[in-house]
Amino acid sequence: MGIQFGTDEWVKAVMAALNESPGYAEAAKNWEGDFYFVIDEGASVPETIYLYMDLWHGQCRDAFKVADRSEKSPVFELSAPLKVWRGVLEKKIDPIQGLVTRRLKLKGPMMKVMKAPKAAIELVEACSKLDTEWPA
């Protein structure tokens, strides 16, 4: 049985996967920035979910589900509905293409993200290896 997407347990599993990934460590070695990954409220998501990740030079220093959005003030906020997140994590939607086509909505300096496309791809690669249970 997989880990439920959008939970504290899931984002902590992502942190562990990133910290064990040589590909992510190399691709993100110059990256500095923390994120809210936001799953928009929708049919199978009764309220908006905020997952916080502190990404720093190829490592994830912290990751958890945020109870109150005002808990952190990350540099970036990346949001999408569940269907889009699932498409990204199942490698049906390229994360950079998702940004360009605005299926993924970014708050924060877009140019910084565009300078590190390999880091985004490696992050998705680590997530895609998790046994994820999707909300019905």
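Scroll up to find the structure this text is about.
Given the structure is predicted, the values throughout are model-derived calculations rather than measurements. (Residues numbered from 1 in each chain as written. Predicted model: local features only at pLDDT ≥ 70, side-chain atom pairs only at ≥ 80, totals over all residues. Heavy atoms only, no water.)

Trainee: Hey, could you go over the pattern of salt bridges for me, with residue numbers and the actual values?
Mentor: Overall, the coordinates contain 10 salt bridges when judged by the stated rule. The partner of K92 in a salt bridge is E90, with the nearest N and O atoms 3.3 Å apart. A salt bridge links E125 to K91; the shortest N-O distance between them is 2.5 Å. On the criterion of sequence distance, the pair formed by E125 in helix α6 (residues 117–128) and K91 in the loop between α3 (82–89) and α4 (95–100) is long-range, its members being 34 residues apart. E125 sits in the partly exposed class, given a relative accessible area of 26%. Each of R69, E77 and K107 takes part in salt bridges that share partners, so that together they form one network. (Salt bridge = Lys/Arg side-chain N within 4 Å of Asp/Glu carboxyl O. Helix = DSSP H or I, 4+ residues; strand = E, 2+ residues; numbered from the N terminus. Buried < 20%, exposed > 50% of the residue type's maximum accessible area, 1.4 Å probe, protein only.)

Trainee: Break down the nonpolar core for me, citing the residues and quoting the values.
Mentor: Side chains of a nonpolar character, in soluble globular proteins, are inclined to be buried together. Membership of the largest hydrophobic core comes to 43 residues, with the highest contact counts inside it found for W10, L18, M53 and L55. Secondary-structure elements contributing two or more residues to this core are α1 (8–19), β2 (32–39), β3 (49–56), β4 (59–66), β5 (76–80), α3, α4 and α6. Setting aside chain neighbours within four positions, we find L18 in contact with Y24, M53, L55, G58, C60, L123 and A126. The next biggest cluster of nonpolar side chains, apart from the first, holds 6 residues, and it includes Y36, Y50, F64 and V66. (Core = buried A, V, L, I, M, F, W, Y, C linked by side-chain atoms within 4.5 Å. Contact = heavy atoms within 4.5 Å.)

Trainee: Kindly report on unusual backbone geometry, identifying the contributing residues and their values.
Mentor: It is generally the case that most residues other than glycine have a negative phi and that most peptide bonds are trans. Of note, H57 is a non-glycine position whose phi angle comes to about 50°, a positive value. By the element assignment, H57 lies in the loop between β3 and β4. In this structure H57 comes out as partly exposed when scored by relative accessible area, which is 34%. Positive phi values are uncommon outside glycine, yet R102 reaches one of about 65°. Assignment of secondary structure puts R102 in the loop between α4 and β6 (105–107). By relative accessible area, which is 59% here, R102 ends up exposed.

Trainee: Hey, could you go over the packing of aromatic side chains for me, with residue numbers and the actual values?
Mentor: Under the counting rule described, the total for this entry stands at 10 aromatic pairs. Judged by centre distance (6.0 Å) and plane angle (20°), the ring pair of W31 and F35 falls under stacked. Of the residues examined, W31 reaches a relative accessible area of 8% and is grouped as buried. An aromatic cluster of at least three residues, connected via ring pairs, comprises W31, F35, F37, F76 and W85. (Phe/Tyr/Trp six-rings, centres within 6.5 Å; stacked < 30°, edge-to-face > 60°.)

In short, geometric facts, not functional conclusions.
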